[in-house]
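Residues per chain are reported as follows:
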Amino acid sequence: MSDENISHVEHKEPPSGAAMFWPALFLVLLLVMFVLVEGWAATAFGDGYGQESLVKSPDETWTFAVSGDSRNCGDVVMPAIAAGAQAHHAAFYWHLGDFRLGSDVDQDMAQEEGYRERHLSFTRYIGINWNDFIQNQLLPFGNVPVFLVIGNHELHFKTEEDYLAQFGNWLNTPIIRRQRLQDDPADYGLRTYYHWKVGGVDFFSMDNASGNQFDRRQMLWFESALKRDEADPNVHTIVLGMHRPLPHGVAPHSMGESAQGIESGSQVYKDLLEVRRAGKHVYALGGHLHAYASDVYNTDYWKSHGGVLPGWILGTAGATRASLARNSPGASEAVTNVYGYVLGTVNPLGSDTGSIGFKFYEVKESNVPRVVVDKFTPELTHWCFEQNRSGGSRWVASN
């Protein structure tokens, strides 16, 4: 090596302090932003990030919370349901669809702080109603994971594509994505239906919002997954969650309202009977009817067509409450003019592995957090509990 080259190497100066400072600062800022985003997402998406509550052993006793139909007054009622789920240390909350009214402005949004001083047009409403649902109904759950079912009101002036875009963070969480890829390593697409497993229990979140039916693609997916569960000794229980209840139950407001719904819903029911005969515990949860009822498939039809499955209707999260005068024959419990949620207890003391006990918890006006009452006014809060029912007086927004 020449003296000239040696001299050149020896006199090459290291980067200056200023030159190193800016890249280092940039990396620090990136790290801070990542931590902040992860923390926000854990609160906003719950199940999307912190999933420690979803790791259970097959014989462990644990709980989850379920209800649906949170339109009309859900912004008032759902924070109380969230508080109940947290108090019971629920592993997750499962919403059975109909987040917002969609066809008109929800009463709670019309009276919300920031909107009650001025008229909320329908055009403005339809553009923000799902964001309102996220802010006022999902975020109160904090770190409790939330799973969603699509309801028919999600398709008022919107599409399934809109739904997938808005709620993708809740539909593609690690536990859902992992199960989807375990079923099919080439399946990277989001769908409105999915399933996930916790502690030997397989939870199916189904879509009967569009056309009042389970479409053919969903049926093939469901029956394939059910066959795998039937052969899997580690799966003890199947829980079906959907918006509309299966047909031929105690509620005519169900999949029984259309020929397609009767056909696909009856087939799903028969599939569940088959897996029960294989020794699995089976439970079916639905909403759509704005009331609480249990033993909803205890009907003459199912008694003579294979058997009665344990079923509940849980449309009690804020929607205008329905009359049960002609909807309850056969149900062991049938209650209207209530809000609340059902707590499912997996492996209750003294039970068989995989069995689940269900108990309804009513939400009363006194359970609504004070900050929520102040945000939506005491007048609307009281109206939600006294008049948001079939035959109740119409809410007139105050200024």
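Now for a quick tour of the structure. Predicted model only: the values in this text are computed from it and were never measured. Note that residues are indexed from 1 along each chain, following the sequence as it is written. This being a predicted model, a pLDDT of at least 70 is required before a residue's local features are given, and a value of 80 or more before pairs of side-chain atoms are given or counted; all residues contribute to the totals for chains, interfaces and linings. Here the side-chain values reflect all heavy atoms present in the structure, with hydrogen atoms and water set aside.

### Looking at the nonpolar core
Where a protein is soluble and globular, its nonpolar side chains tend to be buried together. Buried Ala, Val, Leu, Ile, Met, Phe, Trp, Tyr and Cys residues that are joined via side-chain atoms within 4.5 Å together make up what is termed a nonpolar core. Here the term buried applies to any residue with accessible area under 20% of the maximum for its type, exposed to any over 50%, and partly exposed to those in between, with areas from a 1.4 Å probe on protein chains only. Core analysis: the largest hydrophobic core is formed by 69 residues, its most contacted members being F92, W94, F167 and F203. Only DSSP runs of H or I covering at least 4 residues are called helices, and only runs of E covering at least 2 are called strands; the numbering of each starts at the N terminus. Residue contributions to this core peak at seven residues, all from helix α3 (residues 74-87). Core analysis: the next-biggest nonpolar cluster, separate from the first, contains 35 residues, L240, Y269, L289 and I313 among them.

### Some details on the pattern of salt bridges
Every case where a carboxyl oxygen of Asp or Glu lies within 4 Å of a side-chain nitrogen of Lys or Arg is listed as a salt bridge. Applying the stated criterion across every chain yields a total of twelve salt bridges. Here R100 ties to D75 by a salt bridge, and the two come within 3.5 Å at their closest N and O atoms. Of this pair, R100 sits in the loop between β2 (93-95) and α4 (107-110) while D75 is found in helix α3, placing the two residues 25 residues apart along the sequence. The residues R100 and D75 share a single accessibility class, namely buried. Note that D106 is salt-bridged to R100, the shortest N-O span being 3.8 Å.

### As for the sheet that holds strand β1 (residues 62-67)
The mixed open sheet is built from five strands, whose spatial order is β3-β2-β1-β11-β12. A single partner strand is all that each edge strand has here, and the edge strands are β3 (146-148) and β12 (356-363). Taking each pair of neighbouring strands and ignoring which way they run, the sheet shows an average axis angle of 25°. Strands qualify as paired when DSSP identifies two bridges or more between them. Relative to strand β11 (residues 339-346), β1 runs antiparallel, the two being bridged by five bridges. Paired with T63 across the strands is T345, a residue of β11. Sitting on the sheet, α3 is in contact with β1, β2, β11 and β12, with an inclination near 25° to β11. Axis lines are fitted through C-alpha atoms, for helices just across the contact stretch, and the angle between N-to-C directions can take any value from 0 to 180 degrees. We call two residues contacting when some pair of their heavy atoms lies within 4.5 Å.

By themselves these figures say nothing about function.
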